[in-house]
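Examining the three-dimensional arrangement
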Amino acid sequence: MSTELPRAVLERLRAVDWYGDWDMASSHSRSRALLMREYMRRAALWAQAYGAEEQWPFFDVTEFVAPAFRLDPEIESELEDYVAHNVGTPSTARTCRGAVRWAALRERGGIDLPDLPDPYEPLLLMYGRGGGYSIEEFIDLYGVMIPYGNFDSNLNAEPFLALAPSTLDTLDAGAAGRITYFAKISEGYPRSSPRGILRRRLVGREAQTHDEAFTRNLRWEPTEYLRLYELGHNDIDHVQISEREAAAFIESTTKKLTGSR
């Protein structure tokens, strides 16, 4: 039996600094929140597909997809030893086991699966960008807290599919303050494929304004567009968009300009 995929996931877990690098978690708080919300959405989809709603959100999908599945003994021993000595919360440990077992099940194949996205990839990315989480009234990501919501709200949440590390880094770059995103639109450039995107950051108690555009240099740079628009220079219009829409534009533009896939 091949163990390449589950071992790769185990190595990703071993690379996580679970509870030490608070600065890293804080600097990646925006992307970590998006990734956790996307995990919650995907977990709800899988829970609905297999009648596991009561186990949502932090559960082992493989237990429901293939109850008789058993992990390779060597991988299982390494996984249990790692979890016991490094992962401090029960729900985080469940998802670590779940991610490794899911990789092993996918590698083995032979099971008809619904057309649903990988349940654990957003969570693995989140772990790599600043460690784990803790649960109280909110989900504490050690830099930001997000509400649980309920099963239905997560099931119907807007997908976050732009998971490239470069996209996540761009969302986090200089992301201090309260941020609103905008898309520049005109004829031939609808909201789904705009001319460009901008963000307005309101920083501090006095709400100091910082306007930035995502440029062909693949970074946020200062722009006067919004200020000039407010003064009546409005040849090109704009519309407010979600952070997920902004991420999709960043990812597609990066691929076009770098030739990456």
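All values reported here derive from a predicted model rather than from experimental measurement.

What follows concerns the overall build of the chain. Counting secondary structure elements, the chain contains 11 helices and 8 strands. C-alpha extents for the chain along the principal axes are approximately 65 × 40 × 35 Å. Expressed as a percentage of its 261 residues, the buried residues of the chain come to 45%. For the chain, the exposed area adds up to about 13600 Å²; of that, 48% sits on carbon and sulfur atoms. One finds the centroid of the 30 positive side-chain charges in the chain at a distance of 5 Å from the centroid of its 40 negative side-chain charges.

For the rest of this paragraph, the subject is the packing of helix 3 (residues 29–49) against helix 7 (residues 121–128). Two quantities define a packed helix pair, namely the angle between the helix axes and the distance between the axes. At a minimum axis separation of 8 Å, helix 3 and helix 7 run at an interaxial angle of 155 degrees. Put simply, helix 3 runs roughly antiparallel to helix 7. The interaxial crossing formed by helix 3 with helix 7 has left-handed handedness. Facing Arg32, Leu35, Met36, Glu38, Tyr39 and Arg42 of helix 3, the residues of helix 7 in contact are Glu121, Pro122, Leu123, Leu125 and Met126.

Summed over all chains, the structure comprises 21 salt bridges. One salt bridge in this structure joins aspartate 211 and arginine 200, with 2.7 Å as the shortest N-O distance. Residue aspartate 211 is located in strand 6 (residues 208–214), and its partner arginine 200 is located in strand 5 (residues 196–203); the two are separated by 11 residues in the primary sequence. In terms of burial, aspartate 211 and arginine 200 fall into one category: buried. What emerges from the salt-bridge pattern is a single network uniting Arg7, Glu11, Arg14, Glu74 and Glu78.

Quick look at the sheet that holds strand 1 (residues 134–135) now. Here we have 3 strands laid out as an open sheet, ordered 1-2-3, and antiparallel in their pairing. Looking along the sheet, the strands with just one partner apiece sit at the ends: strand 1 and strand 3 (145–146). For strand 1 and strand 2 (residues 139–140), the ladder comprises 2 bridges, and the chain directions are antiparallel. In the sheet register, serine 134 faces strand 2, and the bridge partner there is aspartate 140.

A few words now on unusual backbone geometry. With an omega dihedral of 10 degrees, the bond running from tryptophan 56 to proline 57 counts as a cis peptide bond. Tracing the chain through its elements places proline 57 in the loop between helix 3 and helix 4 (62–65). Its identity is not glycine, yet alanine 207 carries a phi of approximately 55 degrees, on the positive side. Mapped onto the elements, alanine 207 comes out in the loop between strand 5 and strand 6. The exposure class assigned to alanine 207 is partly exposed, which follows from its relative accessible area of 25%. Phi at leucine 218 takes a positive value of approximately 65 degrees, unusual for a residue other than glycine. Note that leucine 218 resides in the loop between strand 6 and strand 7 (220–222).

Rules used throughout
- Residues numbered from 1 in each chain as written.
- Predicted model: local features only at pLDDT ≥ 70, side-chain atom pairs only at ≥ 80, totals over all residues.
- Heavy atoms only, no water.
- Helix = DSSP H or I, 4+ residues; strand = E, 2+ residues; numbered from the N terminus.
- Buried < 20%, exposed > 50% of the residue type's maximum accessible area, 1.4 Å probe, protein only.
- Areas by Shrake-Rupley, 256 points an atom, 1.4 Å probe, with all protein chains shown as cover.
- Lys, Arg positive; Asp, Glu negative; His and termini not counted.
- Charge placed at Lys NZ, Arg CZ, Asp CG, Glu CD.
- Axes fitted to C-alpha atoms, helices over the stretch in contact; angles between N-to-C directions.
- Parallel < 35°, antiparallel > 145°, perpendicular 65-115°, else oblique.
- Left-handed = near helix turned anticlockwise from the far one by under 90°.
- Contact = heavy atoms within 4.5 Å.
- Salt bridge = Lys/Arg side-chain N within 4 Å of Asp/Glu carboxyl O.
- Pairing = 2+ DSSP bridges.

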